[in-house]
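Coordinate analysis (summary)
Chain by chain, the residues run as shown.
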Amino acid sequence: MHESRCGVCCNSCERKDKVGCRGCLNMEGPFWGGTCGVKSCCEKNKYDHCGVCPDFPCDMLSNMGKEEGFDPSVRLDKCREWQGQ
Ligand code: SF4
Ligand code: SF4
């Protein structure tokens, strides 16, 4: 069962209580109060998560978090897993 649009595992996040996040699927916007392009794109297209998108993995999804030092392949693999690929 998917936990986010982008492949982040919200359920096991250790910071969610601290930052007041109820998880991507349970919130209209991301917890930080701005907008998330991936979440917006996915929900606009009525996809459960990016793994079901015909354009997966698009540039936006593939590059999200790179500048902050996160490895996008972890999220992409999770999307593939949720999609059963
Ligand atoms: S980065 Fe965006 S799509 Fe991913 S969990 Fe956070 S709000 Fe959802
Ligand atoms: S893979 Fe990219 S184009 Fe497809 S829903 Fe996700 S963000 Fe949008």
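Residues numbered from 1 in each chain as written. Chains lettered and ligands numbered in written order. Predicted model: local features only at pLDDT ≥ 70, side-chain atom pairs only at ≥ 80, totals over all residues. Heavy atoms only, no water.

A few points about the site of ligand 2
Neighbouring residues of ligand 2: Cys41, Cys42, Tyr47, Cys50, Cys53, Cys58, Met60 and Leu61. Elements that contribute at least two residues to the shell around ligand 2 include exactly helix 2 (37-44) and helix 3 (59-63). Here the residues of the shell around ligand 2 sort into eight nonpolar, no polar and no charged. (Near = heavy atom within 4 Å. Helix = DSSP H or I, 4+ residues; strand = E, 2+ residues; numbered from the N terminus. Nonpolar A, V, L, I, M, F, W, Y, C, P; charged D, E, K, R; others polar.)

Focus on the site of ligand 1
In the vicinity of ligand 1, the contacting residues are Ser4, Arg5, Cys6, Cys24, Pro30, Cys36, Lys39 and Met64. Its residues assigned to classes, the shell around ligand 1 shows five nonpolar, one polar and two charged.

Some points on the packing of aromatic side chains
Summed over all chains, the structure comprises one aromatic pair. Both rings, one in Phe31 and one in Trp32, keep their centres 5.6 Å apart while their planes meet at 85°; by these two values the pair is edge-to-face. Note on Phe31: relative accessible area 35%, which makes it partly exposed. In this structure Trp32 comes out as exposed when scored by relative accessible area, which is 53%. (Phe/Tyr/Trp six-rings, centres within 6.5 Å; stacked < 30°, edge-to-face > 60°. Buried < 20%, exposed > 50% of the residue type's maximum accessible area, 1.4 Å probe, protein only.)

Thoughts on the environment of Leu25
Tracing the chain through its elements places Leu25 in the loop between helix 1 (16-19) and helix 2. Measuring from C-alpha to C-alpha, the distance between Leu25 and Val74 comes to 19 Å, with 49 residues separating the pair along the chain. Those residues within four positions of Leu25 in sequence are excluded, and the remaining contacts are His2, Glu3, Ser4 and Arg5. (Contact = heavy atoms within 4.5 Å.)

Describing the nonpolar core
In this structure, Cys6, Cys36, Val38, Cys42, Cys50, Cys53, Phe56, Leu61, Leu76 and Cys79 together form the largest nonpolar core, which totals 10 residues. Elements with a minimum of two residues in this core: helix 2 and helix 4 (72-83). Excluding anything up to four places from it in sequence, Leu76 contacts Phe56, Pro57, Leu61 and Ser62. (Core = buried A, V, L, I, M, F, W, Y, C linked by side-chain atoms within 4.5 Å.)

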